[in-house]
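# Per-entry structural report
Spelled out, the chains give:
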Amino acid sequence: MEKYESSFLEKELAISIQEIYAYKNLKVKSISKVLLGKVDLLLKLGPKELNKNIEGCFGNIYWYSKRFEEVKRNKIREVLLNQKV
């Protein structure tokens with residue numbers, strides 16, 4: 001979607017600029033089938049390519065959230081072990 005300006009996407013997809021930002025920066029957990037269909041029409045991707053991109057984007061979100069939880073647990077453990085009683 002980089003080649004499209006936000007104002008064009010706002011009009012074509014019937015969503016706000018804030019929603020475009022959220023989708024662009026993977027700050028959403030889901031996307032409606034209607035919106036996905038509109039995006040698919042704009043990008044002219046086949047089903048295989050579309051699925052590959054979805055798995056790539058949302059797979060990364062899953063990996064980063066798991067990694068964040070792991071780092072947070074390790075940091076808490078480190079703080080607890082280093083506390084003086």
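## Topic: the overall build of the chain
Per the secondary structure count, the chain includes four helices and zero strands. Listing the helices and strands of the chain from first to last along the sequence gives α-α-α-α. In the form shown here, the chain has an accessible surface area of approximately 7,500 Å², with 58% of it arising from carbon and sulfur atoms.

## With respect to the packing of helix α1 (residues 6–13) against helix α3 (residues 33–43)
Look at α1 against α3: their axes get within 10 Å of each other, and the N-to-C directions meet at 125 degrees. The orientation of α1 relative to α3 falls into the category oblique. At the point where α1 passes α3, the crossing takes the right-handed sense. Only Leu35, Lys38, Val39 and Leu42 of α3 make contact with α1, whose side of the interface consists of Phe8, Leu9, Glu12 and Leu13.

## Let's talk about the nonpolar core
Across soluble globular proteins, nonpolar side chains have a tendency to be buried as a group. Leu9, Leu13, Ile15, Ile20, Leu35, Val39 and Leu42 together form the largest nonpolar core, which totals seven residues. Sorting the residues of this core by element identifies α1 and α3 as the ones contributing at least two each. Ranked by residues supplied to this core, first place goes to α3 with three residues. Beyond its immediate chain neighbours, meaning those up to four positions away, Ile20 contacts Ser6, Leu9, Glu10 and Ile15.

## Regarding the confidence of the model for the chain
Across the chain, pLDDT averages 78, with 84% of residues at or above 70. Here helix α4 (residues 47–82) stands out as the element of the chain with the lowest mean pLDDT, 74, in contrast to helix α2 (residues 17–24), whose mean of 87 is the highest.

## Observations concerning unusual backbone geometry
Even without being a glycine, Ala14 presents a positive backbone phi close to 55 degrees. Given the relative accessible area of 58%, Ala14 is considered exposed.

## Overview of α3
The complete set of buried residues in α3 reads Leu35, Val39 and Leu42. Taken end-on, α3 shows its buried residues confined to a sector of 60 degrees, consistent with a single buried face. Structural note: α3 exposes Lys33, Val34 and Leu41 on the side pointing more than 90 degrees away from its buried face. Packing partners of the buried residues in α3 comprise α1 and α2. Looking one or two residues past α3, Lys44 carries a phi angle of roughly 55 degrees, positive in sign.

Each value, and the rule that gives it
- Residues numbered from 1 in each chain as written.
- Predicted model: local features only at pLDDT ≥ 70, side-chain atom pairs only at ≥ 80, totals over all residues.
- Heavy atoms only, no water.
- Helix = DSSP H or I, 4+ residues; strand = E, 2+ residues; numbered from the N terminus.
- Areas by Shrake-Rupley, 256 points an atom, 1.4 Å probe, with all protein chains shown as cover.
- Axes fitted to C-alpha atoms, helices over the stretch in contact; angles between N-to-C directions.
- Parallel < 35°, antiparallel > 145°, perpendicular 65-115°, else oblique.
- Left-handed = near helix turned anticlockwise from the far one by under 90°.
- Contact = heavy atoms within 4.5 Å.
- Core = buried A, V, L, I, M, F, W, Y, C linked by side-chain atoms within 4.5 Å.
- Buried < 20%, exposed > 50% of the residue type's maximum accessible area, 1.4 Å probe, protein only.
- pLDDT = per-residue confidence, 0-100.
- Arc of directions from axis to C-beta.

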